[in-house]
Amino acid sequence: MEQTYFTAENLSYSCPNFSLTASFACEKNTMTSIVGPSGSGKSTILRLISGLEKNAAATKIILDSVNITHLPPAKRGMGMVFQKANLFNHMRVDDNVAYGLRSLGISKKESREMAAEFLKKFNLEGFGKRSPETLSGGETQRVSLARTLITKPKLILFDEPLSALDAPLRKKLAVEIRSLQEEFGFTAIMVTHDINEAKSVSDKIILIKDGKVGWQGNATDFSEKMIE
């Protein structure tokens, strides 16, 4: 039986020319995509969930039965993957992946060994000693995802992680992300402007229109006409 794992009640944001209010829930070990027109507030929702943007007082955010509404971003048990991977170019690839492990107190030697094993799962075996500057766009995003997953966050937030890539590579990596999600069983929310991408990686889709949830349900039931 599916378990409600993440709940956001009354996510709220307002500025002079825009306001947003959204409520939704996600089950454990599933991928949820947030879609909608440009400027509808999709990325703002991720910032509200992560704590990078301040919510209104009525907001309530529950993750794995814990109320995280007022916790700082670093204490919420989340990982984020952005459009730009933001790898540390002064570090080797394995040290980038091991960065979160080091912050948890794991030794440099052990964290590098763990990172090397982890990189194999992302078709990056032997990449550990390379500089991030030598990687292709797809390899960079794989490293970014490995860096996020290795610390086992309770929830992963993807903010249009593939939008900077060309269409064939974007489609390939979307398939890989879905495969990794099923293999690792992580719970994730992804913002994307690509409807086909959303349907290919998601269990559930949430449509944001005019600052509100316009539709939510199974990915297989979603139609692009709903955005119109």
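Refer to the structure above for everything that follows.
Residues numbered from 1 in each chain as written. Predicted model: local features only at pLDDT ≥ 70, side-chain atom pairs only at ≥ 80, totals over all residues. Heavy atoms only, no water.

(A) Local environment of the overall build of the chain. When helices and strands are tallied, the chain shows seven helices and ten strands. Overall size of the chain, expressed as C-alpha extent along the three principal axes, is 50 × 40 × 40 Å. Burial statistics for the chain: of 228 residues in total, 49% are counted as buried. Entry remark: accessible area of the chain is about 11,500 Å², with carbon and sulfur atoms responsible for 48%. The centroid of the 30 positive side-chain charges in the chain is displaced by 5 Å from the centroid of its 26 negative side-chain charges. (Helix = DSSP H or I, 4+ residues; strand = E, 2+ residues; numbered from the N terminus. Buried < 20%, exposed > 50% of the residue type's maximum accessible area, 1.4 Å probe, protein only. Areas by Shrake-Rupley, 256 points an atom, 1.4 Å probe, with all protein chains shown as cover. Lys, Arg positive; Asp, Glu negative; His and termini not counted. Charge placed at Lys NZ, Arg CZ, Asp CG, Glu CD.)

(B) Fine view of the environment of F158. Relative to the assigned elements, F158 resides in strand β7 (residues 155-159). Judged by relative accessible area, F158 falls into the buried class, the value being 1%. As for F158 and G214, which are separated by 56 residues in sequence, their C-alpha atoms are 21 Å apart. Beyond its immediate sequence surroundings of up to four residues, F158 is in contact with M31, L46, V81, L145, I177, F186, A188, I189, M190 and V191. (Contact = heavy atoms within 4.5 Å.)

(C) Quick peek at the environment of H90. Its place among the elements puts H90 in the loop between β6 (78-81) and α2 (93-97). A sequence separation of 43 residues divides H90 from E133, and the C-alpha atoms of the two residues are 9.3 Å apart.

(D) Structural context of the sheet that holds strand β1 (residues 4-15). Reading across from one edge, β2-β1-β4-β5 is the order of the four strands in this open sheet, with antiparallel pairing throughout. Edge positions in the sheet fall to β2 (18-27) and β5 (66-67), since each has one partner strand and no second. Strand contacts of helix α1 (residues 42-50): β1, β2 and β4 (60-63), with the helix running at about 115° to β1, the strand carrying the most contacts. (Pairing = 2+ DSSP bridges. Axes fitted to C-alpha atoms, helices over the stretch in contact; angles between N-to-C directions.)

(E) Local environment of the nonpolar core. Counting residues in hydrophobic clusters, the biggest one holds 32 residues, and the most contacted among them are M31, F122, L145, F158 and F186. For this core, the elements supplying multiple residues, two or more each, are α2, α4 (108-120), α5 (137-149), β7, α6 (167-184) and β8 (188-191). Grouped together as the second largest cluster of nonpolar side chains are 24 residues, L11, I45, L46 and M80 included. (Core = buried A, V, L, I, M, F, W, Y, C linked by side-chain atoms within 4.5 Å.)

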